[in-house]
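Examination of the molecular architecture
Residue-level listing of the chains:
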Amino acid sequence: MFYYGGMTPDLASAGNAEARQAALATLGGQTRELIDAVVLTDVPEDEITAVTAELAALTGRLRTLQRTAPQSFEAGPDGVPRHPGNAVIGSANPHALPLIVESTPERTVRAELAFRPSHEGPPGWVHGGVSAMILDHLLGHAAAVAGSPGMTGTLSVRYRRPVPYGEPLLATAEHTRSEGRKTWVEGRIALPDGTVLVEATGLFITPSGWGRSGPE
Ligand SMILES: CCCCCCCC/C=C\CCCCCCCC(=O)SCCNC(=O)CCNC(=O)[C@H](O)C(C)(C)COP(=O)(O)OP(=O)(O)OC[C@H]1O[C@@H](n2cnc3c(N)ncnc32)[C@H](O)[C@@H]1OP(=O)(O)O
C-alpha cells in the first residue's frame, strides 16, 4: 500500500477501520447507482459533458491516496470471511452486485440477487458472461464450505432461458464430490418459483500448498 503525507498504517485503530469499511461500502453502493445512471441517462449532451467534468474531479480526489491492489480476503469483526475488493462479493467494489452468499447447515450455498441494467448483454437480458461469473464464484464458495477451497479449473455453463435484470433471482450451489485436490460442484440461477435459467458445473482444484481454508 502507498502512504502519503506522513500517514502511517498504525494511525487507523480497529474501530476506525470498521467505520472506514462502512464508508467504502456506501461509496461502492453510490457508485453502482452512478453506473446504472450512466447506462440509462437520456440527459442532453451539455449535461453529459458537465457531469463528466465533475466525475473527473471526484476521481482525482480518490486517487490522491491509492492502494496498489483492492482490499483482500479477511475475517470481518464477526469472524465471517469477507473480501471487500472482490469483483463479485466486494462491498467496496462497484463492479460487484455485491453477491451476499449464505451457507446452509447442509453445506450448500445460496444467494438472493438482482442484476442491474449495466449487466445487459443481449438487449433486455443479462450478459451470459456475467451469469457465468456469478456462478463461478458461488460454485467456488460451495467448494470452500465443503472443506475444499480451490481455483476454478473448468466451468461448464448451460443457458436454458434468458436472464432478466431488475428482478429477484436465487442462486444456489452444492458440492457433489471430491477426489484428492479436485472438487466437483454444481449450481444454478433460478426464478423465485424455481424455474432454472442458467446451470453450471465446475471443477475446482486446491493448489498444492493451500490449506483447507484457502491460500496460506
Ligand atoms: C472450511 C472452509 C470455510 C470456508 C468459508 C467460505 C468462505 C468463502 C471462501 C472462498 C470463496 C471463494 C470463491 C472463489 C471462486 C472464484 C474462483 C476463481 O475465479 S479462480 C480464478 C480462475 N481460475 C484460475 O485462475 C486457475 C488458474 N490455474 C491454476 O492456478 C492451476 O492450473 C490450477 C490451480 C487450476 C491447477 O494447478 P496445479 O499445479 O495445482 O495442478 P496440477 O498439479 O497440474 O494438476 C492437479 C490435477 O488437476 C488436473 N487439472 C489441472 N488443471 C486442470 C483444469 N484446468 N481442468 C481440469 N483438470 C485440471 C490435473 O490433470 C491433475 O489431475 P490428476 O491428479 O493428474 O488426475
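Residues numbered from 1 in each chain as written. Predicted model: local features only at pLDDT ≥ 70, side-chain atom pairs only at ≥ 80, totals over all residues.

- You'll find the protein entered in an unreviewed UniProt entry as Acyl-coenzyme A thioesterase THEM4, with Planobispora rosea given as the organism.
- Word for word, the UniProt comment on the protein under Sequence similarities (unreviewed entry) is "Belongs to the THEM4/THEM5 thioesterase family." (UniProt positions renumbered as here; feature names shortened; annotations may be inferred.)

1. Side note on the overall build of the protein
- Scanning the protein for helices and strands turns up three helices and eight strands.
- What you see in the protein, going N to C, is helices and strands ordered as α-α-β-β-β-β-α-β-β-β-β.
- Over its C-alpha atoms, taken along the principal directions, the protein stretches across nearly 55 × 45 × 25 Å.
- With 216 residues in all, the protein has 23% of them scored as buried.
- Residue pairs at least 24 apart in sequence account for 59% of intrachain contacts in the protein once pairs closer than 6 positions are excluded. (Helix = DSSP H or I, 4+ residues; strand = E, 2+ residues; numbered from the N terminus. Buried ≥ 20, exposed ≤ 12 C-beta atoms within 10 Å, placed from the backbone. Contact = placed C-beta atoms within 7 Å.)

2. Considering the UniProt feature "domain: Thioesterase" (unreviewed entry) in the protein
- In the UniProt entry, the feature "domain: Thioesterase" (unreviewed entry) is given for residues 124–195.
- In this annotation, residues 124–195 is assigned 25% helix and 40% strand; the end-to-end C-alpha distance for the span is 19 Å.

3. Quick word on the environment of Ala 144
- The topology assignment puts Ala 144 in helix H3 (residues 128–145).
- Between the C-alpha atom of Ala 144 and that of Phe 204, which follows or precedes it by 60 residues, the distance is 9.5 Å.

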